[in-house]
Amino acid sequence: MNHEASRSLYDRALSVMPGGVNSSVRAAPQPYPIFVDHGDGGHVVDADGNRYIDWIQGLGPLLLGHDMPEKLQAAIQSRAAEGPMYGMPSEIEVEHAEFVCRHVPGVEMIRFVNSGTEATVSACRLARAVTGRDKIVIMQGGYHGAQESTLVEGDADGTEPSSPGVPQAFAENTVPVPFNDPEAAEAAFEKHGEDIAAVLVEPVQANMGIVYPVDGYHGMLRNLCDEHGSLLIFDEVITGFRVGGLGCAQSEFDVDPDLTTFGKIIGGGFPVGAIGGKTEYIEQFTPSGDVFQAGTFSGNPVTMAAGLETLRFCAENDVYEHVNGLGRQLREGLSEIVADYAPEYTVVGSDSFFKLVFTRCDGEPQGESCRNGCRQDPDCDRYGGCPKRGTDIYRAETDRYARLFRPAMREQGILVSQNQFESNFVS
Ligand code: PMP
């Protein structure tokens, strides 16, 4: 494959953008990332005219792929033509909010913002304000965007910022615990319970492999939060409108979070985020309450039209049946290949996302919540060897990813997520 145009764009980009990109993971495929010219259905075509099967799908937002249904295209184009934004409210925001509140069980009210990061920042501020407490419990191996409260590593006994520039004071107010470990969560509450504003958790860890909750884990977190007067925040930036369909992961796991953060799919491919939840909390945002929250572009009409039409399309067509079926087919096929050629590895995922991780756990069946059907463990017809914690993936043979997937797969016209840890998506 010829990559001259991508290589030369990267050279130019390196002199005007840090690392040549606008989001760090995009430069992971070295010696240079490919530069995209355009999307086409489930494919993208790069600046040199090479065509790839695209399993990145925008890192999650493009549930319908790169070809938008006609109605969606028309809605976006007419919105953009009518003046892309106003800094004043418009009907489409109300319609989108009504749609989300109607379908997501834990959402009675919603505030739209412009990214998943903005959503988790505001959710943390809201939880701190309504509880009068500062500490946020997060999961090791989780990701909640480029924000101070969560760019923190460590455990219940000690933390430090995971990036220069994050003040130590934030680290002191963040309590990372291992995912799927009820005792660790209980111990953290025993130690810090009086100071814990919220538990912030991805219902399925999707930024460090794909790791499913063990049965009852989220219910246990819900109880701990109730006992200690803390809020439970589900970060559904990835799982929202993907896992569990229009009801999102919270309906799939039958857990009722106080707050839910969204991003990706609800913007139909345009910049978006949102904080949804119980009226008693969401109403605390300004101007109905006094927890400051604002944004020039929030509720952008083009974004709202794209997001709402995407969700309506999902509601009116068998989108989830279709993409989840493709996801299952892909995971099963990959699992068979892995079983024959690399039984020490695991295919993970569910619904319409997947990942090959270069590790296995202890092979103990995980019960009903195991859904990806890796079929590698003869005693488990569900997900025997799935990793249980994001940190299991972190310790995997991650150097294999660079060798196998880049450039080998890329040279065969297949694009998978740029680093070992992020999910791949089916459209
Ligand atoms: N939360 C989760 C679970 C995410 O996966 C991400 C991004 N992948 C974010 C928050 C941050 O979203 P954004 O990149 O839109 O700021």
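Calculation criteria
- Residues numbered from 1 in each chain as written.
- Predicted model: local features only at pLDDT ≥ 70, side-chain atom pairs only at ≥ 80, totals over all residues.
- UniProt positions renumbered as here; feature names shortened; annotations may be inferred.
- Helix = DSSP H or I, 4+ residues; strand = E, 2+ residues; numbered from the N terminus.
- Rg over C-alpha atoms; globule rule 2.2 N^0.38 Å.
- Buried ≥ 20, exposed ≤ 12 C-beta atoms within 10 Å, placed from the backbone.
- Pairing = 2+ DSSP bridges.
- Near = placed C-beta within 6 Å.
- Nonpolar A, V, L, I, M, F, W, Y, C, P; charged D, E, K, R; others polar.
- Expected span 1.5 Å × (residues − 1).
- Contact = placed C-beta atoms within 7 Å.
- Domains from an automatic or database assignment.

- The protein has the name Glutamate-1-semialdehyde 2,1-aminomutase in an unreviewed UniProt entry, where Natronomonas aquatica is given as its organism.
- Per UniProt, the protein has the following entry under Subcellular location (unreviewed entry): "Cytoplasm".
- Note on the protein: under the UniProt heading Sequence similarities (unreviewed entry), the record states "Belongs to the class-III pyridoxal-phosphate-dependent aminotransferase family. HemL subfamily."

**What about the overall build of the protein?**
- Check the secondary structure of the protein and you find 13 helices and 16 strands.
- Relative to the globule expectation of 22 Å for 427 residues, the C-alpha radius of gyration of the protein, 21 Å, shows essentially globular dimensions.
- For the protein, the C-alpha atoms occupy an extent of roughly 60 × 60 × 45 Å along the three principal directions.
- Looking at the protein as a whole, 47% of its 427 residues qualify as buried.

**Thoughts on the sheet that holds strand E2 (residues 43–46)**
- Read across the sheet, 4 strands follow the order E1-E2-E3-E15 without closing on themselves; strand pairing throughout is mixed. Lying at the two open borders of the sheet, with one neighbouring strand each, are strand E1 (36–40) and strand E15 (414–415).
- Sheet topology note: the E1/E2 ladder contains 4 bridges and is antiparallel. Residue Asp40 lies in a different strand from E2, and its bridge partner there is His43.

**Observations regarding the site of the ligand**
- As a matter of local geometry, the ligand sits amid 15 residues, with Ser115, Gly116, Thr117, Gly145 and Val237 nearest to it.
- No other element matches helix H4 (residues 116–131), which puts 3 residues into the shell around the ligand.
- Of the residues assigned to the shell around the ligand, the class counts are 4 nonpolar, 9 polar and 2 charged.

**What about the pairing of strand E14 (residues 353–357)?**
- Judged by how many residues are buried, E14 sits mostly within the fold: 5 of 5 residues are covered.
- Alternating residues of E14 divide into Phe353, Lys355 and Val357 and Phe354 and Leu356, and every residue in both groups is buried.
- Judged from the 5 bridges that link them, strand E13 (residues 346–350) and E14 form a sheet pairing that is antiparallel. Within the sheet, the bridge partner assigned to Ser350 lies in E14 and is Phe353.
- Counted along the chain from E13 to the antiparallel partner E14, the turn is 2 residues long, and its residue Asp351 has a positive phi close to 45°.

**Observations regarding helix H10 (residues 301–316)**
- In a regular helix each residue adds 1.5 Å, so 16 residues correspond to 22 Å; H10 covers 22 Å between its end C-alpha atoms and thus fits that length.
- Three or more residues of H10 are buried, namely Pro301, Val302, Thr303, Met304, Ala305, Ala306, Gly307, Leu308, Glu309, Thr310, Leu311 and Cys314.
- Those residues of H10 that are buried lie in contact with helix H2 (70–81), helix H3 (91–103) and helix H11 (319–341).

**Section: the environment of Gly42**
- Looking at the secondary structure, you find Gly42 in the loop between E1 and E2.
- A C-alpha to C-alpha distance of 9.6 Å links Gly42 and Ile56, two positions 14 residues apart in sequence.
- In this view, Gly42 contacts Ile53, Asp54, Gly65 and Ser427; residues no more than four positions away in its chain are not counted.

**Some remarks on H4**
- In a regular helix each residue adds 1.5 Å, so 16 residues correspond to 22 Å; H4 covers 23 Å between its end C-alpha atoms and thus fits that length.
- Remark: Gly132 follows H4 within two positions and exhibits a positive phi of approximately 70°.

**Here's the deal with the domain arrangement of the protein**
- Split into domains, the protein comes out as domain 1 (51–67 + 318–425) and domain 2 (70–316).
- Computed over C-alpha atoms, the centres of domain 1 and domain 2 are 24 Å apart.
- Contact residues are listed per partner, giving 33 residues for domain 1 and 29 residues for domain 2.
- Mapped onto the side of domain 1 that touches domain 2, the elements with two or more residues apiece are H11, E13, E14 and helix H12 (390–394).
- Residues that form the side of domain 1 that touches domain 2 fall into these classes: 15 nonpolar, 11 polar and 7 charged.

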